[in-house]
Amino acid sequence: MAGPVIRAERLSLRHGKGCALCHAPDFVAETNICPQCGTVWALRDVSFDVMPGEVFGIVGESGAGKSTLIDILDFARDPSDGAILYAPWKEGLVPVHDATAQERRYLRSFEIGVVHQNPRRNLMMGVSAGGNVVERMLAAGNRHIGEMRGVAGDMLDHMELAGRMDLKTGTLSMGMRQRVQIARALVNSPKVLLLDEPTTGLDLSVQARTLDLIRQVHRRLGLAIILVTHDWSVLRLMARRAIVLKAGRVVERGTVAQLMEDPQAPYTQLLVSSAL
Amino acid sequence: MTDPILSAQGLNKTFVMHLLGGRKIPALRDVSFDLAEGEFIALVGRTGAGKSTLLKCLVQIYRPDSGRVQYRDRNGAQQSLTEMGDHALLDLTERDFGYVSQALSVAPRVGALDLMLERAVGLEPEAARARARGIFADLALSPALEDVYPVTFSGGEKQRLNLALTLMGAPRVLFLDEPTAALDPDTRTRIVDVLLARKRAGISGIGIFHDMEAVAQLADRVLEVDKGGIVAERANHACTF
């Protein structure tokens, strides 16, 4: 069987130096703040494997560390400890946090696409929808304007944004901006797509449409998707396996059916029983 | 004699309700049985006896506290579902198992036939469409429903679509949670006929039935479940083909 496409190995991110107490491997606290030195452990020992073509879920409530984890997977931040092993980059699993700035740029341009919860993190609002997509192709070294316009136009058509290519992104609705982000993330054919709450804040019909588009893309391209969500019905629709994060730690992992129907950790039981 | 296709050995399951002060609800006690290849087992018993829990422990939607579930795969190799990694487990169960729950859970705003086509594995589009239409008709689902979103289906239609989705794949073992509940006698007969055809094709199955006519027609063996354990077992001699 083929190995994982991404492996997160004991990722931690702390704000503060930490002390003997909170660096101890068996350190457990009520919150993610060390009671002795006040160091905040935004993530602590997070490990998981994502297989090629799989949709992998990351669940947890606000503040659990989900977006921090996405930032680390996207190289927007470095972890304090641990490694990410990224298979398509080099033969076998190689820790990408050893990569040079140039190698990181390559990975971010070609191998990994990211869709943030807040479109402003990815999109320039004063630039047209097409321009936002083309910009990413420029970053990847493409220089043929006509060709890029064609590709960007096709991509936006796929995202049901035909005819809106030359509109300023700032004039588009939230649902449309999310789809521009998806088009931009996919335009260089990445192996991995990171989706941070891609449908949060959208009304139900726009959510259904966006999820359907993501499902189509996934089926057509067979890429691996890491999906951050706090919505169990989105998780059930999209993902096969997931981890549950609480205060920066993995409290439970399993198949989505197991997590939803037979949650074992008190926190997972609380989350599942709170679903509408 | 060949090994059984599925074997449950000493399954136990207790639910711990952490939100209710850690209250424990015992659900399965020391359940063991074998399912032979090509055999159909009917689980009968009162509501709340543990029949659905048993099905879910077999397919690993519930993780049993102790005990083993062994499965003999297509190559004749024994696989221990209870000790497998979750990725390998999904690969195996998605390919070989057809679990039909009592609730339909599907993508919104996708028509019924398109949902079925998503489940087609290794078929040309035309062949997949023909197969989906055939299953649809076999289960007495009207062709007018083919492009309708299942959210608008009646209870009985949803139930049959759930079975139809499972039959689109090529499961070796069916796990059926009351597939004939809430259906009128004619439609029920259609479902039983479809299941009988699968059985004749060599598919094994274990299902929960409250309808004794279906049990008499389908099952080789009947296991009675009560208070989380198997309390009686009988061969079903009425079963003839």
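Residues numbered from 1 in each chain as written. Chains lettered and ligands numbered in written order. Predicted model: local features only at pLDDT ≥ 70, side-chain atom pairs only at ≥ 80, totals over all residues. Heavy atoms only, no water.

A. Expanded view of the overall build of chain A. Helices and strands together make up the secondary structure of chain A, namely 10 helices and nine strands. Its C-alpha atoms give chain A a radius of gyration of 19 Å, within 12% of the compact-globule value 19 Å for 276 residues. Judged by the C-alpha coordinates and their principal axes, chain A covers about 60 × 45 × 40 Å. Residues counted as buried form 54% of the 276 residues belonging to chain A. Long-range pairs, those at least 24 residues apart, make up 67% of the contacts in chain A with a sequence separation of at least 6. Summed over all atoms, the accessible surface of chain A reaches about 11900 Å², with 52% contributed by carbon and sulfur. Here chain A holds 32 positive side-chain charges and 29 negative ones, and the gap between their average locations is 4 Å. (Helix = DSSP H or I, 4+ residues; strand = E, 2+ residues; numbered from the N terminus. Rg over C-alpha atoms; globule rule 2.2 N^0.38 Å. Buried < 20%, exposed > 50% of the residue type's maximum accessible area, 1.4 Å probe, protein only. Contact = heavy atoms within 4.5 Å. Areas by Shrake-Rupley, 256 points an atom, 1.4 Å probe, with all protein chains shown as cover. Lys, Arg positive; Asp, Glu negative; His and termini not counted. Charge placed at Lys NZ, Arg CZ, Asp CG, Glu CD.)

B. Seen up close, a nonpolar patch on the surface. Residues Leu270 of chain A together with Leu19 and Leu20 of chain B make up a contiguous nonpolar surface patch of roughly 260 Å² in combined accessible area. Within the fold, Leu270 of chain A resides in helix H10 (residues 266–274). For Leu270 of chain A, a relative accessible area of 38% gives the class partly exposed. (Patch = residues over 30% accessible without salt bridge, like charges linked within 9 Å, V, L, I, M, F, W, Y side chains within 5 Å. Salt bridge = Lys/Arg side-chain N within 4 Å of Asp/Glu carboxyl O.)

C. How the structure looks around the layout of surface pockets. Residues and elements named next belong to chain A. The calculated volume of the second largest pocket comes to roughly 370 Å³. What lines the second largest pocket is a set of 21 residues, and nearest its centre among them are Asp74, Arg108, Asn122, Arg136 and Arg184. Those elements that provide at least two residues to the lining of the second largest pocket are helix H3 (101–111), strand E5 (112–115), helix H4 (129–139) and helix H6 (174–186). Of the residues forming the lining of the second largest pocket, the biggest block, five residues, is contributed by H3. Within the lining of the second largest pocket, the residues separate by chemical class into seven nonpolar, six polar and eight charged. (1 Å grid on protein atoms, 1.4 Å probe; cavity = no way out; pocket = protein on both sides within 12 Å on 5 of 7 lines; lining within 4 Å. Points joined across faces, edges and corners; volume = space filled by probe spheres on them. Nonpolar A, V, L, I, M, F, W, Y, C, P; charged D, E, K, R; others polar.)

D. A look at the packing of aromatic side chains. Residues and elements named next belong to chain B. The full count for this structure, using the stated rule, is five aromatic pairs over all chains. Taken together, a centroid distance of 5.1 Å and an interplanar angle of 80 degrees make the contact between Phe15 and Tyr62 edge-to-face. Here the residue Phe15 occupies a position in strand E1 (residues 6–17), and Tyr62 occupies one in the loop between helix H1 (51–58) and strand E4 (66–72), the gap between them amounting to 47 residues. For the pair Phe97 and Phe175, a centre-to-centre distance of 4.8 Å together with 50 degrees between the ring planes defines the contact as tilted. Of the two residues, Phe97 sits in strand E6 (residues 97–100) while Phe175 sits in strand E7 (residues 173–177), which places them 78 residues apart along the sequence. According to the relative accessible area criterion, Phe97 is buried, its value standing at 8%. Judged by its relative accessible area of 0%, Phe175 is buried. (Phe/Tyr/Trp six-rings, centres within 6.5 Å; stacked < 30°, edge-to-face > 60°.)

E. Inspection of the pairing of strand E6 (residues 192–196) of chain A at higher detail. Residue and element names in this part refer to chain A. Here E6 lies mainly inside the structure; five of its five residues are buried. A two-sided burial pattern is seen for E6, the buried positions comprising Val192, Leu194 and Asp196 on one face and Leu193 and Leu195 on the other. Across four bridges, the pairing between E5 and E6 is parallel. When the bridges of E6 are listed, Val114 appears paired with Leu194. Pairing of E6 with strand E7 (residues 224–229), which is carried by five bridges, proceeds in the parallel orientation. By the bridge assignment, Leu194 is partnered in E7 with Ile226. (Pairing = 2+ DSSP bridges.)

F. Expanded view of the nonpolar core. Grouped together as the largest cluster of nonpolar side chains are 45 residues, with contacts concentrated most on Leu156, Met159, Leu186, Leu193 and Ile225 of chain A. Broken down by element, the residue count for this core peaks at six residues, all from H6 of chain A. Setting aside residues up to four positions removed in sequence, Leu193 of chain A forms contacts with Gly113, Val114, Val115, Ala185, Leu186, Leu223, Ala224, Ile225 and Ile226 of chain A. The next biggest cluster of nonpolar side chains, apart from the first, holds 38 residues, and it includes Phe40, Met116, Leu167 and Ile203 of chain B. (Core = buried A, V, L, I, M, F, W, Y, C linked by side-chain atoms within 4.5 Å.)

G. Region of the structure containing the sheet that holds strand E3 (residues 40–44) of chain B. All names here are of chain B. Read from one edge of the open sheet, six strands run E6-E7-E8-E3-E9-E10, paired in mixed fashion. Each edge of the open sheet carries a strand with a single partner, namely E6 and strand E10 (229–235). Looking at each pair of strands side by side, their axes are set apart by 15 degrees on average, direction ignored. Packed on one face of the sheet, helix H5 (residues 155–168) meets E6 and E7 and runs near 175 degrees to E6. (Axes fitted to C-alpha atoms, helices over the stretch in contact; angles between N-to-C directions.)

H. Spatial organisation of the confidence of the model for chain B. Per-residue pLDDT for chain B averages 94, and the proportion of residues at 70 or more is 98%. Confidence metrics for the complex model read pTM 0.93 and ipTM 0.93. (pLDDT = per-residue confidence, 0-100.)

I. Structural context of empty space enclosed by the protein. All names here are of chain A. Summed over all chains, the structure comprises one cavity of 30 Å³ or more. Along its surface, the largest cavity is lined by Phe27, Ala29, Thr31, Asn32, Trp41, Arg44, Ala247 and Arg249. In terms of residue class, the lining of the largest cavity is built from four nonpolar, two polar and two charged.

J. Just the packing of H4 of chain A against helix H5 (residues 145–158) of chain A, in detail. All names here are of chain A. At a minimum axis distance of 9 Å, the contact between H4 and H5 shows a crossing angle of 120 degrees. Accordingly, the angle class assigned to the pair H4 and H5 is oblique. The hand of the H4/H5 crossing is right-handed. Residue-level inspection shows Ala129, Gly130, Val133, Val134, Met137 and Leu138 of H4 in contact with H5, the latter providing Met148, Arg149, Val151, Ala152 and Leu156. Of the residues assigned to the contact of H4 with H5, the class counts are nine nonpolar, one polar and one charged. (Parallel < 35°, antiparallel > 145°, perpendicular 65-115°, else oblique. Left-handed = near helix turned anticlockwise from the far one by under 90°.)

K. Examining unusual backbone geometry more closely. Residues and elements named next belong to chain B. A positive phi is found at Ala140, a non-glycine position, where the angle reads about 60 degrees. For Ala140, the position within the fold is in the loop between helix H4 (125–138) and H5. Phi angles above zero are rare outside glycine, and Lys227 is one such case at about 50 degrees. Topologically, Lys227 is positioned in the loop between strand E9 (221–226) and E10.

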